[in-house]
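For reference, the chains in residue letters:
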Amino acid sequence: MEAYLPRIVDIELDELLAGLPAISIEGPRAVGKTETALQRAATVYCLDNAAQAETLQAEPDRIVKGNAPILIDEWQRMPYSWDMVRRAVDQNPVASQFLLTGSAAPAESPTHSGAGRIVTVRMRPLSLAERNLGESTVALKELLAGRRPPLQGETDIGLVDYVAEIVRSGFPAIRMLSDRLRRVQLDSYLDRILEHDLSNLGHNIRDRATLRRWMTAFAAATSTTASYATIQDAATPGEPDKPARATTAIYRRMLEQLWMIEEVPAWLPTGNRFRRLASSPVHQLADPALAARLLGVDIDALINGADVGPPIPRDGTLLGALFESLVTMSVRTYAQHNEAQVSHLRTRGGEQEVDLIVEKADGSVVALEVKLSALVNDSDVRHLHWLARHIGPRLLDAAVISTGPQAYRRHDGIGVIPAALLSP
């Protein structure tokens, strides 16, 4: 058995479990939820095990009995287990009782949200800082402190390495495979979503081919704010009978239910001078490797700038979009560790935009631009300066996340941080 790979979320889980009775770990299939929960569980109920599930259906009360912490793995297969945990916590609210893991929100919703009893923790594919690419020397925590410290550190990770990380994926068991086996596993992963997981959630998909084309178009829209009408048109080019908008909205909800889609919401702060901020989200799949696989691109195709996939307008190359997706996934993990939220900023006309806004509870922010370049010039930081003029001291720090070798601060105070050097 391979040794457990520590995750950033471990720190959060240990802190929460020490003081709270029940934690639900949610995220896409194969992200590592079960292995992480097993590090803490004393009793384990696996609801995707047919024999164990049959026993629990015959004797439901058993699911909340045993030595604590009790792990209920894939709880959404028996939605009533959520309510049973909630009631058990109501009766005895001591800490460290239950861990629940789920790869989907259940089709049959629990009768109670669990608010105040069950706390949800999101788990994502491996961030760059969790992939053992070298020492990370710049902490998001320090940027969020607002002291604007000197930035230091060097990395040998370059463009080709980042492209390799995009296609390798952040799913722990998949990324360690050979190229051929990894492609087969990612294809199987996507097929399972379409052929199995959606059905398990009670969704009767009549036209799976159209859904897959829509997923491929969504992958092509990675790191863009393309309208859903644009994605729909790209999924069915030249076809007079396109799926209704309501149908594609259902596609989106189903994939969100499986944690396959995690869009970046628009930053819409209150009480400021902004008047014309766009509200459209930036489209992201759970892992950029899934987008690359849906589009059929490998390392060579991405580096050579191959024009593939449905025609979605974007600024820059597909590789640039997937690199932004990789950085976004990583920054979300780091932000969660620091109790911060991630969004993006874009004016309605697109004149100004900032890729990532990391916001603390008090409304102060760190602004990050993502650039597929080793060099950062004045043009690359113009949006960050514009934001600084508009929000003043609310901007704690600003930086460009690059593919370069060194972390440093420019003469204007803007940081330049290689993606491999950023950490929580």
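Worth saying up front: this structure is predicted, and the values here are computed from it rather than measured.

Parameters at a glance
Residues numbered from 1 in each chain as written. Predicted model: local features only at pLDDT ≥ 70, side-chain atom pairs only at ≥ 80, totals over all residues. Heavy atoms only, no water. Pairing = 2+ DSSP bridges. Helix = DSSP H or I, 4+ residues; strand = E, 2+ residues; numbered from the N terminus. Contact = heavy atoms within 4.5 Å. Axes fitted to C-alpha atoms, helices over the stretch in contact; angles between N-to-C directions. Expected span 1.5 Å × (residues − 1). Buried < 20%, exposed > 50% of the residue type's maximum accessible area, 1.4 Å probe, protein only. Parallel < 35°, antiparallel > 145°, perpendicular 65-115°, else oblique. Nonpolar A, V, L, I, M, F, W, Y, C, P; charged D, E, K, R; others polar.

Asks: Honestly, the sheet that holds strand S12 (residues 415-418) in this entry has me stumped. Any pointers?
Replies: Two modes of strand pairing occur in sheets, parallel and antiparallel, and in both the strands are linked by backbone hydrogen bonds. One open sheet holds the six strands; their spatial order is S7-S8-S9-S10-S12-S11, and the pairing between them is mixed. The open sheet terminates on both sides in strands that have one partner only, identified here as strand S7 (341-346) and strand S11 (408-409). In the packing of helix H15 (residues 382-391) onto the sheet, contacts are made with S7, strand S8 (353-359), strand S9 (365-370) and strand S10 (395-402), and the angle to S10 comes to roughly 170 degrees.

Asks: Whenever I open this one, helix H9 (residues 208-220) confuses me. Can you help?
Replies: The α-helix advances 3.6 residues per turn, and as a result positions three or four apart in sequence lie on the same side. Here H9 is 13 residues long and its end C-alpha atoms lie 18 Å apart, about the 18 Å a rise of 1.5 Å per residue gives. Inspection of H9 places Thr210, Leu211, Trp214, Met215, Thr216, Ala217, Phe218, Ala219 and Ala220 among the buried residues, and these make up the whole buried set. Residues of H9 that are buried in the fold lie against helix H8 (179-200), helix H10 (228-235), helix H11 (245-257) and helix H12 (288-295).

Asks: Would you mind going over the environment of Val370 with me for this structure?
Replies: Here Val370 shows up in strand S9. In this structure, the C-alpha to C-alpha distance between Val370 and Asn338, residues 32 residues apart in sequence, is 20 Å. Beyond its immediate stretch of four places on either side in the chain, Val370 contacts Phe323, Glu324, Val327, Asp355, Leu356 and Ile401.

Asks: Would you mind showing me how to read the sheet that holds strand S4 (residues 98-102) here?
Replies: Read across the open sheet, the five strands follow the order S2-S3-S4-S1-S5; overall the sheet is parallel. In the strand order of this sheet, the two ends are held by strand S2 (43-46) and strand S5 (118-122), each with one partner. The average angle at which neighbouring strand axes cross in this sheet is 20 degrees, direction not considered. Strand direction decides the pairing type here: strand S3 (residues 70-73) and S4, joined by four bridges, are parallel. Within S4, the residue paired with Leu71 across the bridge is Leu99. Lying on the sheet, helix H1 (residues 9-19) is in contact with strand S1 (22-26), S4 and S5; it crosses S5 at an angle near 170 degrees.

Asks: I keep staring at the packing of H8 against H12 and nothing clicks. Help me out?
Replies: What describes two packed helices is the angle between their axes and the distance between those same axes. Viewed as axis vectors pointing N to C, H8 and H12 meet at an angle of 90 degrees, and their least axial separation amounts to 10 Å. Classified by the interaxial angle, the pair formed by H8 and H12 is roughly perpendicular. On H12, the residues touching Arg183, Leu186, Asp187, Tyr189 and Leu190 of H8 are Ala289, Leu290, Arg293 and Leu294. Here the contact of H8 with H12 is composed, by residue class, of six nonpolar, no polar and three charged.

Asks: What am I meant to see in unusual backbone geometry here?
Replies: Negative phi characterises most residues that are not glycine, and trans characterises most peptide bonds. In this model, Ala68 is joined to Pro69 through a cis peptide bond whose omega is 0 degrees. Following the sequence through the fold, Pro69 ends up in the loop between helix H3 (50-58) and S3. We note that Ser96 has phi near 65 degrees; this positive angle belongs to a residue other than glycine. In this structure, Ser96 sits in the loop between helix H4 (80-91) and S4. For Trp259, which is not glycine, the phi torsion reads 60 degrees and is therefore positive. Checked against the element boundaries, Trp259 lands in the loop between H11 and H12.

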